[in-house]
Every structure is written in structure tokens, then in C-alpha cells.
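Chain by chain, the residues run as shown.
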Amino acid sequence: MRFRHPDGSTVHLAYCTNVHPAETLDGVRAQLRDHCEPVRRRLGRDRLGIGLWLARDAAAALVADPAALRTLRGDLDRRGLEVVTLNGFPYEGFGDAEVKYRVYRPDWTERARLTHTTDLARLLASLLPDDVTEGSVSTLPFAWRTDYDSGRHRAALGALTTLAERLDALADLTGRSIRVGLEPEPGCTVETTADAVAALAPLGGPTAHRIGVCLDTCHLATSFEDPARALGTLQAGGVRVVKAQLSAALHAEEPHRAEVRAALAAFDEPRFLHQTRTTTEAGLSGTDDLGEALAGGLPDTGPWRSHFHIPLHADPEPPLTSTLPVLRETLAGLVGGPTPRTRHLEVETYTWQALPPALRPRARARLTEGIAAELTLARDLLIDLGLKELP
């Protein structure tokens, strides 16, 4: 979905396909047929943006076979789909029964991450619509925090410098400018926007032009960051918002109450990690997973927020809510001004099948309806901010 900003530039809205597990090229093509095109039809649109997730095996197959890449591009065109951004955070196995900490490997200290991200950038340069010259790829924020030291950080910075050089060469070769955004996430070496500024400070010059952040509004809310202050921190630090992921976290206002804890327990599931945070007089306090918090690992004197992507259009039942207001405020700061801070927006609710059983879509059509409803909400927010929806 495309929108005209009041300054005349085009803002792209997509939804991320990591909600549809697929590790192979055949699986990706089936996603387009079974999920993405039906969402487009449900919205009554001639064209729909998707934030494509290409796992390692699918990406490698496309790099090795130019004919397969042309076929995929043809599939996108035929089904009325377009790609300006890729989700390069999960490497493989994102649809497994248990993902948890494995999603953070390989990290930016490992050669495989550089190779995979380079592949994604090259593929995106070929998948961009003919009238688009800028693409984005989101990736993990260096690494999970465990055993991360100054030596590993130097290695990660070196890999990102190499990546930036490759992206410059790709732009010279293709005329397509691809940028990569590191996605601050609770529990990682880069959890907040201030962490991002500090970590990326050594990357100056051309590297800083290519490497920025992917701002996920669920992660921002989980870490109790104020949107205006966060955006100001990035701007003051010279860090670009390459793309933004529109998502909402799980919020519990009174976690000391038994009925609130019971409601939260329904979201404690085995597949994904649900980092949980609260604020205290000493600052931000947190656990790596929701179950740890419920077991007594987190003070319950103030509100809790948990890294569980809640469907944008559907708050959980009381006494829980979502952090949709943080999304609204962040979006206003990103595209509500005289010029957009980013032109790539992606709805990323990958947790539909991890919701409590009563809330999960039981049929493919229900998932289609839900994703379409999320995109409709995002569209309405953009229109309210003065953007004009394009055909």
C-alpha cells in the first residue's frame, strides 16, 4: 500500500510474511498464493506491499538460480504484490514449535549473518518494483547480550562496515539503494534507542549512510521508551530510521492482582521469547520471558509490558490491554511532520498462532481477515496524519 506524504514523497505500508512459516522457495511461493494475495483481495486493493521474510535456504536458492528469482518476481507482479522491504532478523526455523533464544543466531559476530544479509540486499535490489529505487532490510541488533564483550563488538562493527561497502557497490551496479536497519530489542546488546546510538557511534561516514535502525513499536513500548524522546535521541545521534515495524506489546496495569496474573499466564507460551519489563525507582527491570516474571522474577508494584505482538485492531480482554497508544504516538513522530522520518512501514504481528487458544484464527480465512483488519487500522492512522492513500 502506498501513501503520498504532504511533502510529495511516497510512504510504503506492508505486512510482514514471517507470520506464515516457510523455509523453502516453494513455501514462499505458496505463501503468496495462499495468504498474501487473499489479504490483498480482502482489502479490495490492486496492489499490496509485503515485507518478505526469506529464510536462509530460500534466499540461498534464489541467489543460486537467477531463473527462480525471475519467477518469484513474476509471481509478485501477477498476484498484485510488491516488495520494498525484507525482514532479515530470523535466519531459519522461525516456524518451529520452539524458537526462543535461537532467533538470535547467527549474530553479527558470525560470518553467516553477513553472508545472509548480503544475499538479502542483492535479492531485494532485483525484487523492488520498477518505479522504486530504495529498499530496506531489518536485522537483529548485533547479538543477544549473553557473553557479548568488546572483542565481539569490534567483530560485529567490522561485519557491518563490510556490509556497508557491499551495499555501496550494489547501488553503483544496480542503481538501487538498499539500507539495513538494526532492530533494538529487549534483552539484546542494543535494547533501546540510546543503546543504538552508542553502539553505532563508531560507524561514521558512508557506513552510517547505509546502516541505521528498524524501530519496532512493540519493542519500544516494552522498554517503556517515550516515543518523542526516542526519536529525538536517534536524530541527535545521527542514526537513521531505515524502517519502522508497527506492532503492539501486551500491557498489564496492575500485575499484583491475581486476576491480572491469571490473564497474563494465558500468554505464557513455549514458542517465542516474551521479554517482560517494568519500571522501578532504580530504573528498568526485566526478565527474559513472561513465565519468569510470573514466577516472581519481576517486581509487581508498577505496570508490566511483555514482548508479545498483539494484533493491532484487537486489544486483549480486560484486565489486559495493548500498547497501541505508543504505536500511534511513534507513527505521528515518524510521518506526521513536514517530512517523513522513514518511508517504509511494516505491520509485524507474527504471533497470531501463539495467542491463547480462544483468540487464535482457526481457519486461513480468519487469519486473512485479521491481517486485513490490522492493515486497515494502519491505513486509517496514516490518513489521519494527512497522508493520501494511492491506488
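It should be noted that the structure appears before, not after, this text.
Residues numbered from 1 in each chain as written. Predicted model: local features only at pLDDT ≥ 70, side-chain atom pairs only at ≥ 80, totals over all residues. Heavy atoms only, no water.

> What's the story with the nonpolar core in this structure? I'm lost.
One recurring pattern in soluble globular proteins: nonpolar side chains tend to sit buried together. Residues Leu13, Tyr15, Phe142 and Leu375 are the most contacted members of the largest nonpolar core, which totals 119 residues. Leu375 has contacts with Met1, Leu13, Ala14, Tyr15, Val39, Leu43, Leu48 and Val347, leaving out every residue within four places of it along the chain. (Core = buried A, V, L, I, M, F, W, Y, C linked by side-chain atoms within 4.5 Å. Buried < 20%, exposed > 50% of the residue type's maximum accessible area, 1.4 Å probe, protein only. Contact = heavy atoms within 4.5 Å.)

> What is the right way to look at the packing of helix 1 (residues 25-43) against helix 13 (residues 364-384) in this model?
When two helices pack together, their arrangement is given by the angle between their axes and by how far apart the axes lie. At a minimum axis distance of 9 Å, the contact between helix 1 and helix 13 shows a crossing angle of 55°. Viewed along their axes, helix 1 and helix 13 adopt a mutual orientation that is oblique. Of the two elements, helix 1 crosses helix 13, and the hand of that crossing is right-handed. Each of Asp34, His35, Pro38, Val39, Arg42 and Leu43 in helix 1 lies in contact with helix 13, whose residues at this interface are Arg364, Leu367, Thr368, Glu369, Ile371, Ala372, Leu375 and Thr376. (Axes fitted to C-alpha atoms, helices over the stretch in contact; angles between N-to-C directions. Helix = DSSP H or I, 4+ residues; strand = E, 2+ residues; numbered from the N terminus. Parallel < 35°, antiparallel > 145°, perpendicular 65-115°, else oblique. Left-handed = near helix turned anticlockwise from the far one by under 90°.)

> Just checking my understanding: could you explain helix 12 (residues 324-335) for this structure?
Three or four residues apart is the spacing at which side chains of an α-helix point the same way, because the helix has 3.6 residues per turn. Its twelve residues place the ends of helix 12 16 Å apart at the C-alpha level, agreeing with the 16 Å of an ideal helix rising 1.5 Å per residue. Those residues of helix 12 that fall on the buried side of the exposure criterion are Leu324, Val326, Leu327, Thr330, Leu331, Leu334 and Val335. Around the axis of helix 12, the buried residues are gathered within 145° of arc, so they sit on the same side. (Expected span 1.5 Å × (residues − 1). Arc of directions from axis to C-beta.)

> Teacher, can you tell me more about empty space enclosed by the protein here?
One water molecule sets the probe size; rolling that probe over the atoms shows where empty space is left. This model, assessed by the stated rule, comprises four cavities of 30 Å³ or more. By volume, the largest cavity is sized at about 180 Å³. Surrounding the largest cavity, 19 residues form its lining, Phe94, Val103, Glu185, His307 and Tyr350 being those nearest its centre. In terms of residue class, the lining of the largest cavity is made up of nine nonpolar, six polar and four charged. Here the second largest cavity defines a volume of roughly 40 Å³. Together, Pro184, Glu191, Thr193, Leu215, Asp216, His219, Leu220 and Glu225 line the second largest cavity. Only strand 7 (211-216) and helix 8 (217-222) provide two or more residues apiece to the lining of the second largest cavity. (1 Å grid on protein atoms, 1.4 Å probe; cavity = no way out; pocket = protein on both sides within 12 Å on 5 of 7 lines; lining within 4 Å. Points joined across faces, edges and corners; volume = space filled by probe spheres on them. Nonpolar A, V, L, I, M, F, W, Y, C, P; charged D, E, K, R; others polar.)

> For this particular structure, what's the right way to read the layout of surface pockets?
Within this model, the largest pocket holds a volume of roughly 330 Å³. Taken together, the residues of the lining of the largest pocket break down into ten nonpolar, two polar and six charged. Taken as a whole, the second largest pocket encloses approximately 270 Å³ of empty space. Considering the residues around the second largest pocket, the lining is formed by 14 residues, among which Arg240, Val241, Val242, Arg341 and Thr342 are closest to the centre. Among the secondary structure elements, those contributing two or more residues to the lining of the second largest pocket are strand 5 (134-139) and strand 8 (241-246).

> Explain the sheet that holds strand 13 (residues 320-322) to me, please; I cannot follow it from the model alone.
Strands sit in the order 11-10-12-9-13 across an open sheet of five strands; the sheet is antiparallel. Sheet topology places strand 11 (283-287) and strand 13 at the edges, where each strand pairs with a single neighbour. Between one strand axis and the next, the sheet turns through 30° on average, direction left out of account. By the bridge criterion, two bridges tie strand 10 (residues 276-280) to strand 12 (residues 304-310) in an arrangement that is antiparallel. (Pairing = 2+ DSSP bridges.)

> Please explain the packing of aromatic side chains as it appears in this structure.
Aromatic ring pairs are defined here through the distance separating the ring centres and the angle between the ring planes. Applying the stated criterion across every chain yields a total of eight aromatic pairs. For the ring pair Tyr104 and Trp144, a centre distance of 4.8 Å and an interplane angle of 35° mean the geometry is tilted. Pair noted here: Tyr104 is in the loop between strand 4 (81-87) and helix 4 (111-127) and Trp144 is in the loop between strand 5 and helix 5 (150-174), with a separation of 40 residues, a long-range link. Classification of Trp144 by relative accessible area gives buried; the value is 9%. The ring of Phe224 has Arg305 sitting right over it, with the charged end atom 4.5 Å from the ring centre. (Phe/Tyr/Trp six-rings, centres within 6.5 Å; stacked < 30°, edge-to-face > 60°. Lys NZ or Arg CZ within 6 Å of the ring centre and 35° of its normal.)

Note that all results are geometric; they support no functional claim without further evidence.
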